[in-house]
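The primary structure of each chain is shown beneath.
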Amino acid sequence: MRDLFTPLAILSCALLPLAGCKIVKNPDPEAATTEAAGTTDEARMAAYAKDIWADKVLPVVSEHAVPLTELRAKVATEGLEPAGAAYGLRPEGEANPWNFAATGEGVIIEANTASRAAKLMVDTDADGAADVTLQLGPVIRGTALRDAMPFLTFTDFRDQIEFAKLARALNDLANAAITLPEGDLVGKTASFEGVFTLRNKGDAIELVPTRLAVK
Amino acid sequence: MKLTRRHFMSGVAVAAVLPLARPVFAADKGLIAIITPSHDNPFFKAEAVGAEARAKELGFETLIMVHDDDPNKQSELFDTAIARGAKAIVLDNAGADATVAAVQRAKDAGIPAFLIDREIKESGIAVSQIVSNNYQGAQLGAEEFVRLMGEAGNYVELVGREADTNAGIRSSGYHDIIDQYPDMVMVAQQSANWSQTEGYEKMETILQANPDIKGVICGNDTMAMGAWAALEAAGRTDVIVVGFDGSNDVRDSILAGGIKATVLQPAYRQAQIAVEQADQYLSSGSTGQDEKQLMDCVLINGDNASKLETFALTA
């Protein structure tokens, strides 16, 4: 299957640099995408993600980050839509869920670091129960990192495949940026900054950390 | 010359279409052509029905046509739509590459196209491309599949039609999850071209060569129905089957303890949104949206299958 798409990608990049690699319209990634052109979607998107990570992605997260306790209170009292309008980030279009950038600190209630989908459950409001799940990966659910970026627009990408590879590459970078101390993490304090998607008011918060310190 | 012909043809179109639509609806906004793959797949039928219902509510006449996933036939249908003076075309297309020229031809004739379900490989030609978030949906399906499989075992993947971007994106979404689990082993991966019959045949053959399979993940529901029928015929109802689409057929199978899960694409609503955007574009010159728009999918399993009806979840 994948083999079938590779020649297409190569063709569209080699013969139609303008149409096939629209992404070069964005500032900056030109060098990386040109260098990686002719390779797979995966490689091109990984190169692009690397280019934008420190200069564009992390600043957007920091700039929009709201204290998680404040955000949860707003959602609880006013609802998801007002909270989204005040703090959220999402692409245009019906049925697109809100994404939020948030910071927080709390006690690790539960840690699953053995799984491929490693997670920390953190209590940020000192009620003894976890209220946020930090997704450590390498299996990271969702596309929150990509969808929270106002400068990443689906129309600028060739198709869903390329756009999906970008989401995966950003998740991989988030995963790669995390280092955890050895030993049992339960009871330690985690401070974090990251993004999550919230589809419904009562849904569990599964945040993808872009910064995480455990002590 | 060109003008004369268009006037003549639109006269023909009015004569041909009005007697059918006038008595029931006060349709005065003109004609919307709704072109999809064959209605044999209830997914595409739901699109056509959803688009038609909304179009009539908004005061359009409709012309429903099917291209049977044949780009040549689709091209002829575009000629028909152009000849009959359609104001807009709502399209679920017959191939990401092959469709570009047809949509461009409609655009050159002044007819905007609003694409649903499947993308084309170019932007800037269609006015809207509203597609399900297949990657997100596939990841939901894959997570459920991995969970049902207990994170281990041999499995088969039935892939959709290769010319269709959705076949690739769903497969990619499945593997971005499944491949992270080293004990999940794919023993066969074949295309069954979205077809129930082919799903049945491919499953039969694969099962003979690989009797030790524990699960089958499919790129759509019709292939899942075919695979399930083959597994049932072989007495292998222990095999975990997961589909994609959210059809009533798979819903019924889930409720009867057959297929385990699927992923709902909001096909009915998606088709309606396309018509709404067409209406807005025709009256104001803009949809107010980006060209390419994603709509999230929802996991369907035993917990919520009873709420599913014609590609929509009831509250």
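Cut-offs used in this document
Residues numbered from 1 in each chain as written. Chains lettered and ligands numbered in written order. Predicted model: local features only at pLDDT ≥ 70, side-chain atom pairs only at ≥ 80, totals over all residues. Helix = DSSP H or I, 4+ residues; strand = E, 2+ residues; numbered from the N terminus. Buried ≥ 20, exposed ≤ 12 C-beta atoms within 10 Å, placed from the backbone. Contact = placed C-beta atoms within 7 Å. Expected span 1.5 Å × (residues − 1). pLDDT = per-residue confidence, 0-100. Core = buried A, V, L, I, M, F, W, Y, C linked by C-beta atoms within 7 Å. Domains from an automatic or database assignment. Pairing = 2+ DSSP bridges. Axes fitted to C-alpha atoms, helices over the stretch in contact; angles between N-to-C directions. Parallel < 35°, antiparallel > 145°, perpendicular 65-115°, else oblique. Nonpolar A, V, L, I, M, F, W, Y, C, P; charged D, E, K, R; others polar.

> Whenever I open this one, the overall build of chain A confuses me. Can you help?
Along its length, chain A carries eight helices and six strands. The N-to-C order of helical and strand elements in chain A reads α-α-α-α-β-α-α-β-β-β-α-α-β-β. Split into buried and exposed, the 215 residues of chain A put 42% on the buried side. In chain A, the proportion of contacts linking residues at least 24 apart, taken out of those at least 6 apart, comes to 61%.

> For this particular structure, what's the right way to read helix α2 (residues 42–57) of chain B?
Residues and elements named next belong to chain B. Between its terminal C-alpha atoms α2 stretches 22 Å, which fits the 22 Å expected from 16 residues at 1.5 Å a residue. Taken together, the buried positions of α2 are occupied by F43, F44, A46, E47, A48, V49, G50, A51, E52, R54 and A55. Packed against the buried residues of α2 are β1 (31–36), β2 (61–66), β3 (88–91), β4 (113–116) and α10 (267–284).

> What exactly am I supposed to notice about the confidence of the model for chain A here?
Segments scoring low in pLDDT should not have their predicted coordinates read at a detailed level. Residues and elements named next belong to chain A. Here chain A shows a mean pLDDT of 84. Residues at 70 or above account for 81%. Mean pLDDT values for the elements of chain A range from 43 in helix α2 (residues 17–20) up to 97 in strand β1 (residues 66–67). pLDDT under 50 marks residues 1–34. Its contacts with residues more than four places away, or in other chains, come to 50 contacts.

> How should the nonpolar core be read in this particular structure?
Soluble globular proteins tend to bury their nonpolar side chains together. All names here are of chain B. Within the largest apolar cluster, 148 residues are counted, with the highest numbers of intra-cluster contacts made by I32, I89, V90, V216, A227 and V241. For this core, the two domains that each supply at least three residues are domain 1 (2–130 + 268–294) and domain 2 (134–264). Other than its neighbours up to four places away in sequence, V216 contacts Y155, V156, L158, M203, A227, V239 and V241.

> Looking at this structure, how should I read the sheet that holds strand β9 (residues 240–242) of chain B?
Think of a sheet as strands paired side by side through backbone hydrogen bonds, with each pair either parallel or antiparallel. All names here are of chain B. Here we have four strands laid out as an open sheet, ordered β7-β6-β8-β9, and parallel in their pairing. A strand with exactly one partner marks an edge of an open sheet, and here the two such strands are β7 (184–191) and β9. Neighbour to neighbour, the strand axes of the sheet diverge by 20 degrees on average, direction disregarded. Where strand β8 (residues 215–218) meets β9, three bridges bridge the pair, whose relative direction is parallel. Residue pairing across strands places V216 opposite V241, the latter belonging to β9.

> Could you clarify how one ought to interpret the interface of chain A and chain B in this entry?
Reports of interface size often rely on the accessible area that becomes lost once the parts have come together. Facing 24 residues of chain A, the contacting portion of chain B comprises 32 residues. Breaking the side of chain A that touches chain B down by element, the ones donating at least two residues are α1 (2–15) and α8 (160–176) of chain A. Sorting elements by how many residues they give to the side of chain A that touches chain B places α8(A) first, with four residues.

> What is the right way to read the packing of helix α5 (residues 68–78) of chain A against helix α6 (residues 80–87) of chain A from this model?
To describe two helices that pack against each other, one gives the angle between their axes and the distance between the axes. Residues and elements named next belong to chain A. The interhelical angle for the contact between α5 and α6, taken along N-to-C directions, is 140 degrees, at an axis separation of 7 Å. The angle between α5 and α6 falls in the class oblique. Residues L71, K74, V75 and E78 of α5 pack against L80, P82, A83, A86 and Y87 of α6. Residues that form the contact of α5 with α6 fall into these classes: seven nonpolar, no polar and two charged.

> Would you mind going over the pairing of strand β2 (residues 98–112) of chain A with me for this structure?
On a regular strand, one side chain projects to one face of the sheet and the next to the other, so that they alternate. Residue and element names in this part refer to chain A. Across two bridges, the pairing between β1 and β2 is parallel. Note on β2: the bridge partner recorded for V66 is A102. Pairing of β2 with strand β5 (residues 189–198), which is carried by ten bridges, proceeds in the antiparallel orientation. In the strand pairing of β5, W98 is matched with L198. Joining the antiparallel neighbours β2 and strand β3 (residues 117–123) is a turn of four residues.

> Help me out: how do you make sense of the environment of V250(B) in this one?
Among the secondary structure elements, V250(B) is positioned in helix α9 (residues 248–255). With 161 residues separating them along the chain, V250(B) and I89(B) place their C-alpha atoms 30 Å apart.

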